[in-house]
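# Coordinate inspection notes
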Amino acid sequence: MSITKSSNRRTPAMGSSLLTSDPFFSDLMDTKRGIFNLNRFFNGDFDKDLFPALNVKEKENEFEIELAAPGLSKEDFKISIEDGLLSISAEKENKIEEEKEGFVRKEFNYNSFSRNISLPEEVDMDKEVEAKYKEGILKMSLKKRKTAKAKKAKTVNVS
């Protein structure tokens with residue numbers, strides 16, 4: 001082996017790094033989701049990763065809530081209703097341990113979120129809430145109270 005001195009120094013191009021090509025560090029340097037992407041924070045994209053998308057559908061006898069939370073299991077969720085407030089939270093811990101060429105990489109990743117929704121007065125708190133988690137979607141069904149249906153308005157003719 002020989003070492004030669006050269007005046008031809010190569011530096012990484014702007015925006016690239018020697019670490020991005022190394023699979024050992026590539027997930028950290030990922031330009032879309034990596035830890036060094038502050039553009040997500042300043043452009044307002046930061047909170048999109050923190051809170052899963054939520055849909056609320058009002059039907060005749062119930063409210064249906066859908067929450068997109070892929071990668072979780074039903075045991076990761078904690079759901080409670082108290083004082084007209086529906087709280088949905090989840091926490092998942094991922095551990096990665098990789099040994100490569102004498103180096104050990106250990107990563108502990110905690111993903112969590114919490115969503116609180118004020119429930120309308122029509123929700124019957126005494127009825128059972130149905131919750132199912134399938135294919136990354138948490139679906140909940142909250143029954144409405146039975147109320148007297150409003151009658152059609154009558155018009156009165158004055159004679």
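With an unreviewed UniProt entry as reference, the protein chain is termed Heat-shock protein, source organism Salegentibacter salarius. Its UniProt record gives the protein chain the following Sequence similarities (unreviewed entry) comment, quoted word for word: "Belongs to the small heat shock protein (HSP20) family."

Turning to the sheet that holds strand E1 (residues 54-58), a few remarks are in order. Taken in spatial order, the four strands make up an open sheet running E1-E2-E7-E6, and their pairing is antiparallel. The sheet terminates laterally at E1 and strand E6 (130-134), the two strands that pair on one side only. Neighbour-to-neighbour, the strand axes of this sheet turn through a mean angle of 15°, independent of strand direction. By the bridge criterion, seven bridges tie strand E2 (residues 62-68) to strand E7 (residues 137-143) in an arrangement that is antiparallel. In the sheet register, Glu 64 faces E7, and the bridge partner there is Ser 141.

This part covers the packing of aromatic side chains. Tallied over the full model, the rule gives two aromatic pairs. The interplanar angle of 70° and the centroid separation of 6.5 Å between the aromatic rings of Phe 77 and Phe 113 together place this pair among those described as edge-to-face. With Phe 77 in strand E3 (residues 77-82) and Phe 113 in strand E5 (residues 103-118), the pair connects residues that are 36 residues apart, well separated along the chain. Ring geometry for Phe 77 against Tyr 133: centres 5.0 Å apart, planes inclined by 55°, an arrangement best described as tilted. Of this pair, Phe 77 sits in strand E3 while Tyr 133 sits in strand E6, and the two are 56 residues apart along the sequence. On the accessibility criterion, Phe 77 (14% relative accessible area) is buried. Here the aromatic cluster, defined as three or more aromatic residues joined through ring pairs, consists of Phe 77, Phe 113 and Tyr 133.

Thresholds, definitions, all that
Residues numbered from 1 in each chain as written. Predicted model: local features only at pLDDT ≥ 70, side-chain atom pairs only at ≥ 80, totals over all residues. Heavy atoms only, no water. UniProt positions renumbered as here; feature names shortened; annotations may be inferred. Pairing = 2+ DSSP bridges. Helix = DSSP H or I, 4+ residues; strand = E, 2+ residues; numbered from the N terminus. Axes fitted to C-alpha atoms, helices over the stretch in contact; angles between N-to-C directions. Phe/Tyr/Trp six-rings, centres within 6.5 Å; stacked < 30°, edge-to-face > 60°. Buried < 20%, exposed > 50% of the residue type's maximum accessible area, 1.4 Å probe, protein only.

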